[in-house]
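Coordinate inspection notes
Spelled out from the first residue to the last, the chains are:
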Amino acid sequence: MRFVVVESPYRARTEFELSLNLAYARALVRFVSLRGDWPFASHLDLTQGLDDRDPAERELGIIAGLARLRVADIHLFGLDLGISEGMKRAQKATPGRCSVEQCSLPEWAEAMKAYGHGDRESVDALIAKFQPLWHVHE
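Attention here is on the structure that accompanies the text. (Residues numbered from 1 in each chain as written. Predicted model: local features only at pLDDT ≥ 70, side-chain atom pairs only at ≥ 80, totals over all residues. Heavy atoms only, no water.)

Side note on the overall build of the protein chain
Put simply, the rule is: The way it works is that DSSP assigns letters per residue, a run of H or I at least four long becomes a helix, a run of E at least two long becomes a strand, and they are numbered from the N terminus. The globule rule used for comparison is 2.2 Å times the number of residues to the exponent 0.38, while the radius of gyration itself is calculated over C-alpha atoms. Think of it in three bands: with a 1.4 Å probe and only protein chains considered, a residue is buried below 20% of the maximum accessible area for its type, exposed above 50%, and partly exposed in between. Any two residues whose heavy atoms approach within 4.5 Å at even a single point are treated as in contact.
Of regular secondary structure, the protein chain possesses six helices and four strands. Listing the helices and strands of the protein chain from first to last along the sequence gives β-α-β-α-α-β-α-β-α-α. Taking 138 residues into account, the globule formula puts the C-alpha radius of gyration at 14 Å, and the protein chain, at 15 Å, falls close to it. In terms of principal-axis extent, the alpha carbons of the protein chain reach across some 40 × 40 × 35 Å. Across the 138 residues in the protein chain, those meeting the buried criterion constitute 38%. In the protein chain, of all internal contacts separated by at least 6 residues, the share reaching a separation of at least 24 is 68%.

This is the structure:
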């Protein structure tokens with residue numbers, strides 16, 4: 001099992017964009033998990049306790065996320081939503097011994113293409129599909 005640091009856009013201007021970014025990050029984590037690797041997406045994990053809207057806390061989260069690269073086997077970049085400024089910073093921080101992978105998920109690529117043509121329905125379906133999978137067990 002390889003340790004994979006997952007990068008995708010997080011910062012958003014609207015609630016819809018944030019929902020899209022979070023769903024995409026979850027889809028990448030699922031992709032990495034189902035292929036038998038161990039994913040870490042700092043923007044899913046660290047934003048549970050740090051406020052991304054606060055510049056100091058955002059910087060702390062970025063630094064903590066990048067620190068995981070020291071032990072990562074693979075640095076994976078999801079491309080379907082574009083490359084954000086945070087992802088560009090992460091690219092520069094990739095250690096030389098760490099493999100870099102670029103990833104496009106077919107259903108996301110298709111949905112984003114349709115969204116670019118004014119069809120939001122397919123994107124809304126993916127956001128719904130990749131909501132947190134938290135369940136109460138009784």
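That covers the picture; the talk isn't over yet.
Looking at the state of the cysteines
Our working rule: By disulfide we mean two sulfur atoms from cysteines, separated by a distance within 2.5 Å.
Scanning all chains against the criterion turns up zero disulfides. No disulfide involves Cys 98; its sulfur sits 15 Å from the nearest other cysteine sulfur, which is in Cys 103.

A few points about the packing of helix α1 (residues 15-34) against helix α6 (residues 121-129)
We count it as follows: Note on geometry: axes are C-alpha line fits, over the in-contact stretch for helices, and angles between N-to-C directions span 0 to 180 degrees. Throughout, the term roughly parallel applies to angles under 35 degrees, roughly antiparallel to angles over 145, roughly perpendicular to angles from 65 to 115, and oblique to all others. Crossing handedness follows the turn of the near helix against the far one: under a right angle anticlockwise gives a left-handed crossing, and clockwise gives a right-handed one.
At their nearest, the axes of α1 and α6 sit 9 Å apart, and the two run at 60° to each other. Classified by the interaxial angle, the pair formed by α1 and α6 is oblique. When you trace α1 past α6, the crossing you get is left-handed. For the pair α1 and α6, the contacting residues are Phe 16, Ser 19, Leu 20 and Ala 23 in the first and Val 123, Asp 124, Leu 126 and Ile 127 in the second.

No statement about biological role is implied by the geometric values presented.
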